[in-house]
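These are the residues of each chain, in order.
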Amino acid sequence: MDIIESSKRLAAYTAVDNHVKPEHKVIGIGSGSTVPYVVERIVQQGAEANKGRVFIPTGFQSKELIVSSGLGLGDVDQYPTIDVTLDGADEVDSQLNCVKGGGACHLREKVLAEAARTFILVADYRKNVQYLGTNFLQGVPIEVVPFAYAKVLQNLHHVLGSPKATLRMAVKKAGPVVSDNGNFIIDAPFDREKMIDPFTIMAQIKMLTGVVEVGLFCRMAKAAYFGNEDGTVTVRWDDGKIDQVAAPV
Ligand SMILES: O=C[C@H](O)[C@H](O)[C@H](O)COP(=O)(O)O
């Protein structure tokens, strides 16, 4: 396993060990390449621990993951209160604001983050930054209703200061990426000045009619777990505390 994969696994295993407890019965499962390690660790808790638990997915990928792991599946309309949601991130800043939506799942992800009593991020060391937009340069993912995409792009280019905002195009399919909700995705890069204050730019984007959700999650997480190259895990908490912990056994 390469160093990035093992860092993702370290972060995921440590976060599950600390936040998925026997009393937690409704658990949100995010999307991306780090989350499979979350599910792997939850499965390792054993059949008895997982009996009676319900897992809520943030999209097609996590739904398949839950089902193929033999875990109980539910949805957020049945369970609007979730004990704990664990999810990946494209980048997390020093205030625990993060960019999400690299996989176009951020609408459902934000609903599950908001529904959760505790929202936990898991990522490898590359995502641990002081300011958003440091390593993840493709921009802020924005889900838009299809008929409004050109208008929203125009707003982003000329009003909100993202001249390079583009419609995300599919690979191995002609045309745009279509989200699990049937919408399009715009990626809008902003300069450092704007990304220093992600809440303001998030609110401005959200106000554009046609925008369904913005992939900026501002101060929603209780903690972010980053697996490091040296086998340790850095945990950043919402109160500013930072722990450096050894890898789980
Ligand atoms: O839409 C996708 C999600 O926000 C993912 O959680 C995010 O892109 C991070 O994914 P990964 O764990 O693959 O870096």
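Conventions adopted
- Residues numbered from 1 in each chain as written.
- Predicted model: local features only at pLDDT ≥ 70, side-chain atom pairs only at ≥ 80, totals over all residues.
- Heavy atoms only, no water.
- Near = heavy atom within 4 Å.
- Polar contact = N/O pair within 3.5 Å; in protein donor to acceptor, adjacent residues only side chain to side chain.
- 1 Å grid on protein atoms, 1.4 Å probe; cavity = no way out; pocket = protein on both sides within 12 Å on 5 of 7 lines; lining within 4 Å.
- Sits in = over half its atoms within 2 Å of the grid points.
- Nonpolar A, V, L, I, M, F, W, Y, C, P; charged D, E, K, R; others polar.
- Salt bridge = Lys/Arg side-chain N within 4 Å of Asp/Glu carboxyl O.
- Helix = DSSP H or I, 4+ residues; strand = E, 2+ residues; numbered from the N terminus.
- Buried < 20%, exposed > 50% of the residue type's maximum accessible area, 1.4 Å probe, protein only.
- Domains from an automatic or database assignment.
- Contact = heavy atoms within 4.5 Å.
- Buried area = accessible area lost by both parts, 1.4 Å probe.
- Pairing = 2+ DSSP bridges.
- Axes fitted to C-alpha atoms, helices over the stretch in contact; angles between N-to-C directions.
- Arc of directions from axis to C-beta.

On to the site of the ligand, then. By nearness alone, 16 residues border the ligand, and S33, T34, D90, E109 and K127 come closest of all. One of the side-chain nitrogen or oxygen atoms of D90 is found 2.7 Å away from an oxygen atom of the ligand. At 2.7 Å, a side-chain N or O of E109 approaches an oxygen atom of the ligand. In this structure the site holding the ligand corresponds to the largest pocket. In terms of residue class, the shell around the ligand is built from three nonpolar, eight polar and five charged.

Enumeration according to the criterion identifies 13 salt bridges in this entry. A salt bridge links D17 to R41, with the nearest nitrogen and oxygen atoms 2.9 Å apart. Highlighted residues: D17 in helix α1 (residues 3–19) and R41 in helix α2 (residues 35–44), separated in sequence by 24 residues. The partner of R126 in a salt bridge is D124, and the shortest N-O contact between them spans 2.7 Å. On the basis of relative accessibility, which here comes to 36%, the residue R126 falls in the partly exposed class. Take D124: its relative accessible area is 0%, and that puts it in the buried class. One salt-bridge network, held together by shared partners, links D87, K100 and E109.

For the protein chain, the assigned domains read domain 1 (3–130 + 218–245) and domain 2 (140–214). Spacing between the C-alpha centres of domain 1 and domain 2 amounts to 25 Å. Opposite the 15 residues of domain 1 that make contact, domain 2 presents 16 residues. Among the residues of domain 1 in contact with domain 2, H106, L107 and K110 are the three that bury the most area, contributing 43% of the side total. In this assembly, domain 1 and domain 2 are joined by one salt bridge. For K110, the salt bridge is made with E213, and the minimal N-O distance between the two is 2.9 Å. On the surface where domain 1 and domain 2 come into contact, there are seven residue pairs in polar contact (both at pLDDT 80 or more). Tallying contributions element by element places helix α5 (residues 106–115) first for the side of domain 1 that touches domain 2, with four residues. A breakdown of the residues in the side of domain 1 that touches domain 2 according to their chemical character gives five nonpolar, six polar and four charged.

It is worth spelling out the sheet that holds strand β13 (residues 233–237) at this point. The seven strands lie next to each other as β2-β1-β3-β6-β12-β13-β14, forming an open sheet whose pairing is mixed. The strands lining the two open edges of the sheet, one partner per strand, are β2 (54–57) and β14 (242–245). In this sheet, adjacent strand axes meet at a mean angle of 20° when their direction is disregarded. With three bridges joining them, strand β1 (residues 26–29) and strand β3 (residues 82–87) adopt parallel strand pairing. In the sheet register, G28 faces β3, and the bridge partner there is T85. Running at roughly 150° to β1, α2 makes contact with β1, β2, β3 and β6 (116–124) of the sheet. This element, α5, spans β1, β2, β3 and β6 of the sheet and lies at about 130° to β6.

With that settled, consider helix α8 (residues 198–206). Helical geometry note: an α-helix holds 3.6 residues per turn, so side chains three or four residues apart project in the same direction. Every buried residue of α8 is listed here: P198, I201, M202 and I205. Buried residues along α8 cover an arc of 105° about the axis, so they all sit on one side.

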